[in-house]
Amino acid sequence: EERLVESGGGLVQAGGSLRLSCAASGFTFEDFTVAWFRQAPGKEREAVTCVSSNSRTAHYADSVKGRFTLSSDNAKNTVYLQMNGLKSEDTGGYYCYAKQILGSRNFWGRGTQVAVSS
């Protein structure tokens, strides 16, 4: 019932843009903090951006700061990751993660693939 589904990945030329979506089913993001992770081939999964549970403001990894932007559409119960100025090193699987603020529940999406050609 409770699920996260990512979409929007694909192949793009360096310098191009993609918008990833993360749609929640069975729960609302209102009670959760949200983050995006990515994992390049052969590397560990790393956090790209997250929303702090106290201030509800977005924070970005240095590698994507100024290029990636987190947003949301409450009516659609969906969060987005706008990725501009893509580089080859942005290639990898992108995963949406939600953690309950006042509880221990958490959910992972199954990922969407991003490939940036140089």
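Okay, so let's go over this structure. All figures in this text were calculated on a predicted structure; none of them were measured in a lab. Within any chain, residue numbers begin from 1 and follow the written order of that chain's sequence. With the structure being a predicted model, the display of local features is reserved for residues of pLDDT at least 70 and the display and counting of side-chain atom pairs for 80 or more, all residues being used for whole-chain, interface and lining totals. The side-chain numbers reported here are obtained from all heavy atoms of the structure, hydrogens and water having been left aside.

## As for the sheet that holds strand E1 (residues 3–7)
Backbone-to-backbone hydrogen bonds pair the strands of a sheet. The strands run either parallel or antiparallel.
At step 1: Ordered by their spatial adjacency, four strands build an open sheet running E1-E3-E8-E7, and the pairing between neighbours is antiparallel. With one partner strand each, in any of the chains shown, E1 and strand E7 (68–73) form the two edges of the open sheet. Between one strand axis and the next, the sheet turns by 20° as a mean value, whatever way the strands run. DSSP calls a pair of strands paired once it identifies at least 2 bridges connecting them. By the criteria applied, helices consist of DSSP H or I runs no shorter than four residues and strands consist of E runs no shorter than two, each listed in order from the N terminus. Working convention: axes come from line fits to C-alpha atoms, limited for helices to the stretch in contact. Angles between N-to-C directions cover 0 to 180 degrees.

## Side note on the state of the cysteines
At step 1: The rule for a disulfide is simple: a pair of cysteine sulfur atoms within 2.5 Å. Tallied over the entire structure, the rule returns one disulfide.
At step 2: You can see cysteine 50 has no disulfide; the closest cysteine sulfur is in cysteine 96, sitting 12 Å from it.

## Section: the side chain of arginine 38
At step 1: Examined against the element boundaries, arginine 38 turns out to sit in strand E4 (residues 32–39).
At step 2: Exposure remark for arginine 38: the relative accessible area of 6% places this residue in the buried category.
At step 3: The term polar contact refers here to a pair of N or O atoms within 3.5 Å; inside protein, the definition further demands a hydrogen-donor-capable atom paired with an acceptor-capable atom, and it admits residues adjacent in sequence only when both atoms are side-chain atoms. At 2.7 Å, the side chain of arginine 38 forms a polar contact with the side chain of aspartate 90.
At step 4: At 3.1 Å, the side chain of arginine 38 forms a polar contact with the side chain of tyrosine 94.
At step 5: If we ignore the near neighbours within four places in the chain, the residues touching arginine 38 are Glu44, Arg45, Glu46, Val48, Ser63, Val64, Phe68, Glu89, Asp90, Gly93 and Tyr94. Relative accessible area decides the class of each residue, using a 1.4 Å probe on protein chains only: under 20% of the type maximum gives buried, over 50% gives exposed, and in between gives partly exposed. Throughout, a contact is declared for two residues whenever any of their heavy atoms are within 4.5 Å.

## A word on the environment of serine 17
At step 1: Considering the arrangement of structural elements, one finds serine 17 in the loop between strand E2 (10–13) and strand E3 (18–25).
At step 2: Using a relative accessible area of 39% as the deciding quantity, one classes serine 17 as partly exposed.
At step 3: The sequence separation of serine 17 and leucine 86 amounts to 69 residues, and the corresponding C-alpha distance is 6.2 Å.
At step 4: Serine 17 has contacts with Val12, Gln82, Met83, Asn84, Gly85 and Leu86, leaving out every residue within four places of it along the chain.

## Focus: the environment of alanine 35
At step 1: Relative to the helices and strands, alanine 35 resides in strand E4.
At step 2: Taking C-alpha positions, alanine 35 is 9.7 Å from tyrosine 60, a pair spaced 25 residues apart along the chain.
At step 3: Apart from residues lying up to four places away in sequence, alanine 35 is in contact with Thr49, Cys50, Tyr95, Cys96 and Tyr97.

## Notes on the pattern of salt bridges
At step 1: Each salt bridge in this description consists of a side-chain nitrogen of Lys or Arg and a carboxyl oxygen of Asp or Glu lying within 4 Å of one another. Per the counting criterion, the structure on display carries five salt bridges.
At step 2: Linking arginine 67 and aspartate 90 is a salt bridge whose minimum nitrogen-to-oxygen distance equals 2.8 Å. Here arginine 67, found in the loop between strand E6 (58–60) and E7, pairs with aspartate 90, found in the loop between strand E8 (78–83) and strand E9 (92–100); they are 23 residues apart in sequence, far enough to count as distant. Exposure class is identical for arginine 67 and aspartate 90. Each is buried.

Distances and angles like these do not, on their own, reveal function.
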